[in-house]
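What follows is each chain in one-letter form.
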Amino acid sequence: MSHNGSIKSDLRFESYKIDKIDFHVQQTVSVLSSVNHSDCRVRFDLGFRDALRIKENEKTLYITGLQVSLKLMKKEADDKPIAEGNFVITGLFSTTGELDKKTEESLVKYQGPAILMPYIRATISYTLAGAGFSPVMMPLINVNAAAADTDIKVIDSNQSDT
């Protein structure tokens, strides 16, 4: 197979950290005694952070992140969630050389959050399991479509340790 251009991404994923987990379970007998949660609905809201650009020698570093708010609802009830949480992940990415504005925007607005999504999704699954919930079907999320409606900015920083 021949490629005219490079198939290698300009963006390198360096690392990630889960910044925040804020998780609450409704303290009722029906919730606490329930062992099967396969009938629950999961609602997600995504939030995107502006990207921080840091020039460091020949590298350009980008810090970007994703926030996922979760509500676990019983299918038959539309009122109070039985569990809810807020999860935040931050990722460090790098490039070498200069990127044009369009490529940079694509990397930090679409590719960065899409790369981070499986990690935060796994964290949410582990948190639910650790809290005593049976496996819950979590819907797939089209991060690119969600990011398309945002105004994520790239902000310059002079500090490499912010």
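Residues numbered from 1 in each chain as written. Predicted model: local features only at pLDDT ≥ 70, side-chain atom pairs only at ≥ 80, totals over all residues. Heavy atoms only, no water.

Regarding the overall build of the protein chain
Argument step 1. Helix and strand content of the protein chain: three helices and six strands.
Argument step 2. The order of helices and strands in the protein chain, counted from the N terminus, is β-α-β-β-β-β-α-α-β.
Argument step 3. Principal axes of the C-alpha set define a box for the protein chain whose edges measure 60 × 40 × 25 Å.
Argument step 4. In the protein chain, buried positions account for 37% of the 162 residues.
Argument step 5. Roughly 10000 Å² of accessible area belongs to the protein chain as shown, and the carbon and sulfur atoms make up 49% of that amount.
Argument step 6. The distance from the centre of the 19 positive side-chain charges to the centre of the 21 negative ones in the protein chain is 3 Å. (Helix = DSSP H or I, 4+ residues; strand = E, 2+ residues; numbered from the N terminus. Buried < 20%, exposed > 50% of the residue type's maximum accessible area, 1.4 Å probe, protein only. Areas by Shrake-Rupley, 256 points an atom, 1.4 Å probe, with all protein chains shown as cover. Lys, Arg positive; Asp, Glu negative; His and termini not counted. Charge placed at Lys NZ, Arg CZ, Asp CG, Glu CD.)

A look at a nonpolar patch on the surface
Argument step 1. A grouping of Tyr-16, Ile-115 and Tyr-119 is seen on the molecular surface, where their side chains present a nonpolar patch of about 230 Å² in accessible area.
Argument step 2. Tracing the backbone shows Ile-115 in helix H2 (residues 101-130). (Patch = residues over 30% accessible without salt bridge, like charges linked within 9 Å, V, L, I, M, F, W, Y side chains within 5 Å. Salt bridge = Lys/Arg side-chain N within 4 Å of Asp/Glu carboxyl O.)

Comments concerning unusual backbone geometry
Argument step 1. Residue Asn-57 is not a glycine yet carries a positive backbone phi of 55°.
Argument step 2. Structurally, Asn-57 can be placed in the loop between strand S3 (51-56) and strand S4 (59-74).

A closer look at the packing of aromatic side chains
For any pair of aromatic rings, the description rests on two quantities: the centre-to-centre distance and the angle between the ring planes.
Argument step 1. Evaluation of the coordinates by the stated rule reveals six aromatic pairs.
Argument step 2. Between Phe-13 and Tyr-119, the aromatic rings sit 5.6 Å apart at their centres with planes inclined by 45°, giving tilted as the arrangement. Of this pair, Phe-13 sits in strand S1 (residues 12-25) while Tyr-119 sits in helix H2, and the two are 106 residues apart along the sequence.
Argument step 3. Aromatic side chains Phe-23 and Phe-87 sit 6.5 Å apart centroid to centroid with 50° between the ring planes, which places their arrangement in the tilted category. Of the two residues, Phe-23 sits in strand S1 while Phe-87 sits in strand S5 (residues 83-96), which places them 64 residues apart along the sequence. As far as burial versus exposure is concerned, Phe-23 and Phe-87 are alike and both buried.
Argument step 4. An aromatic cluster of three or more residues is present, and its members are Phe-13, Tyr-16, Phe-93 and Tyr-119. (Phe/Tyr/Trp six-rings, centres within 6.5 Å; stacked < 30°, edge-to-face > 60°.)

A few points about the pattern of salt bridges
Argument step 1. Using the criterion set out here, one finds five salt bridges in the structure.
Argument step 2. Linking Glu-14 and Arg-12 is a salt bridge whose minimum nitrogen-to-oxygen distance equals 3.3 Å.
Argument step 3. We classify Glu-14 as partly exposed; its relative accessible area is 29%.
Argument step 4. Given a relative accessible area of 53%, Arg-12 falls into the exposed group.
Argument step 5. Beyond isolated ion pairs, a larger network of salt bridges with shared partners links Arg-12, Glu-14 and Lys-59.

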